[in-house]
Amino acid sequence: MKFAYLAIGNFIVKQLFMRKRVLFLLLLLISSPCFSSDKDQKILDSLSQLLTVAKESPAKVDLLNQLALKYMEMGMQLGKDSLKVIAESAIQLSRKLSYAPGLADALYTQGKYYLSETNSYDKATPCFLESLSIYEALNKKNGISKCYLQLGLISYILQYFEDAVKNFKISLTYKDEPTAKYLIALSYLETDSFLSARKYFTVAIQDYEEMKSQFRLDECYMYLGKLFLKKGDLDSAFYYLNKSIDDIQRNHDPNVLIRPYSFISSVYLKANKIDSAIYFAERSYAMAMVNLDEISLIEATSTLSKAYSIKGDYKKAFLYLDKLSATKDNFQKGSTKQKVADMQSMFDYNKRINDQKLKQQEEKALSQQQIQKEKILRNSFLAGAALLLLLLIVLYNRFTIKRDANIALQEKNEIIFKEKERSDALLLNILPSEVAEELKSNGTAAAKQFDEVTVMFTDFKGFTAISEKLTPSELVAEIHACFKEFDIIIAMLGIEKIKTMGDSYMCAGGLPLSNTTHAKDVVIAAMEIQHFMGRHLQQRKNDGKETFEMRIGIHTGPVVAGIVGVRKFAYDIWGDTVNIASRMESSGEAGKVNISGSTYELVKDKFNCIHRGKIQAKNNGEIDMYFVENIS
């Protein structure tokens, strides 16, 4: 059963990471540890006193922004409510005074508040976009750079990594900032672009070494270790992770070791050093529990579940699987894909609105200057002004019509996109993903010859007689409960379900993509199915219900696979291999896994099997049969 537990852990972790990123990176990557002091408090008090006597002017806006900046430097947790009020006051006063530099700074501060304190991407994004527009108009390169950095970070958190890289690179063109290089490297790492990721980690390390920023260096070494782990280069992964761990132990708070401990435990697991994997994973888990680090909790519990399963300690393996499921409930907070789509739409819309506002402000200023210089010619321009007003009305109406048309088109496209997603999901529930893609691309999917696949048949012994004692709803519910569990088991092992026929279930390994582990995978699945049926039937017996057992037959050989029909089509396989697998099932015994000689030759080194004689097969002569007893 240990292979199944390993697959379960891997399956859950993949599902979790496809869903959502938490704001761990936001706080870790672009914030520095800050602590309040008497000196900081004196500065806050001094700024607050100046504000009480300051008149409404650009100078007061600058004071408000300085006060907000000091709160952020001290750590926003020390005054996040005050920070929100100060930022809003600065924005309102800047708008009232038409003071663009102060407004840009205040909007940036408010965006940081929404992003860091409330995780409100929909509120943070328009703040950064409007701030960016003003900084661009003022040609303030530092402001432009930091706005693009924040927009890139939002894209990274929402797993829109291509957009994240684009924004981080734009940020770099305005300011050579090692943090942007580091974030670009992390984005490339998420998309498995290893060469690009390593390049940017290298330049970030050079910058941090010049700055003597040991904390950032340790992070770069840690993620380089993760990079080599993903590539499968375990020696390099050990080197960088151990370097990160050693430096952190010498220079930083031990709690910073949560992530490198988690990563190195995965390296030890891949290297089959199970005790070391458990040692580091348990320490990462303990720290993550104290610090409420959900990402590390998921990684540590997954490693521990797999490691204890390999050691044969299934009680602990199940314990950590339960903890993994519990963490999942705190991690699922909506569709990342939809948030990315909404965010991108918001980018475009707010950019248009901000550009329009700035243009109107410029036109108003020019108009006022012209009036002051040429008052005596005012009457001469009345007719021209009226024509200009009429033209603006026409242009505005055209703009409104075009905008409404764009919005309607966008809504239509969103509906089409959602319907396409729904149809794709239905198609993938019917066909293997590779066959579905071929069908969508070409309109047809060609039949293929596979030289070696492993086919499994299951059948309930005496089910027809027992079904006569069950109501129709009980009969359907019982078959569904069993087949649902079968589906889960074979999915975790990469086996393709072919079809069900009454109370018979058919699946195959080694297609639609060929592999070398199909025989082992199918035999493991068969044993897991028999284990499940043993527990299930014992439960029915305890409940006083009718009980039945199941036979399983397996054979390995060539098949032809393809799509059958044009309405309610299905993916199916044909050939003598299918017939012989069916004969293996009918010639087996209840509660046993009966395999043919061809399958036995592929798995005999991995399982203990008992020869039980031969069976006559049409067109194939006599075929050896074996019962699989257990894993060798």
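Just above, that's the structure.
Just so we're clear, the structure is a prediction, and the values are computed from it rather than from any experiment. (Residues numbered from 1 in each chain as written. Predicted model: local features only at pLDDT ≥ 70, side-chain atom pairs only at ≥ 80, totals over all residues. Heavy atoms only, no water.)

A. Up close: the overall build of the protein. In terms of regular secondary structure, the protein is built from 25 helices and eight strands. Burial statistics for the protein: of 632 residues in total, 45% are counted as buried. Per element, the accessible surface of the protein, about 33300 Å² overall, is 53% carbon and sulfur. (Helix = DSSP H or I, 4+ residues; strand = E, 2+ residues; numbered from the N terminus. Buried < 20%, exposed > 50% of the residue type's maximum accessible area, 1.4 Å probe, protein only. Areas by Shrake-Rupley, 256 points an atom, 1.4 Å probe, with all protein chains shown as cover.)

B. Region of interest: the pattern of salt bridges. Going through the model one piece at a time under the given rule, you end up with 16 salt bridges. Two residues, arginine 95 and glutamate 130, come together in a salt bridge whose shortest N-O distance is 2.9 Å. Placement of arginine 95 in helix H5 (residues 80-97) and of glutamate 130 in helix H7 (residues 121-138) is noted, with a sequence separation of 35 residues between them. Among the ionic pairs, arginine 259 bridges to glutamate 299, the shortest N-O distance being 3.5 Å. Residue arginine 259 is found in helix H14 (residues 258-270), and its partner glutamate 299 is found in helix H16 (residues 294-311); the two are separated by 40 residues along the sequence. Considered together, arginine 259 and glutamate 299 belong to a single accessibility category, that of buried residues. When salt bridges that share partners are traced, they join Asp176, Lys181 and Asp207 into one network. (Salt bridge = Lys/Arg side-chain N within 4 Å of Asp/Glu carboxyl O.)

C. The pairing of strand S1 (residues 448-461), seen in detail. Direction of pairing for S1 relative to strand S4 (residues 549-564): antiparallel, over a ladder of 12 bridges. The residue of S4 that forms the bridge with threonine 454 is threonine 556. Where S1 and strand S3 (residues 504-509) come together, six bridges link them in antiparallel fashion. Note that in S3 the partner of aspartate 459 across the bridge is serine 504. (Pairing = 2+ DSSP bridges.)

D. Region of interest: helix H24 (residues 576-586). Taken together, the buried positions of H24 are occupied by Thr577, Val578, Ile580, Ala581, Met584 and Glu585. Around the axis of H24, the buried residues are gathered within 165° of arc, so they sit on the same side. (Arc of directions from axis to C-beta.)

E. Inspection of helix H22 (residues 472-492) at higher detail. Between its terminal C-alpha atoms H22 stretches 31 Å, which fits the 30 Å expected from 21 residues at 1.5 Å a residue. Positive phi shows up at glycine 494, right after H22, with a value of about 70°. (Expected span 1.5 Å × (residues − 1).)

F. Geometry of the packing of aromatic side chains. Applying the stated rule across the entire model yields 21 aromatic pairs. Seen from their ring centres, tyrosine 261 and phenylalanine 280 are 5.2 Å apart, and the 65° between their planes marks the pair as edge-to-face. Taken together, the positions of tyrosine 261 in helix H14 and phenylalanine 280 in helix H15 (residues 274-291) put the pair 19 residues apart, joining distant regions of the chain. Classification of tyrosine 261 as buried rests on a relative accessible area of 9%. Every member of this aromatic cluster is reached through a ring pair, and the members are Tyr182, Phe201, Tyr208, Tyr223 and Phe263. (Phe/Tyr/Trp six-rings, centres within 6.5 Å; stacked < 30°, edge-to-face > 60°.)

Fair warning: the whole summary comes from geometry, so function is off the table for now.
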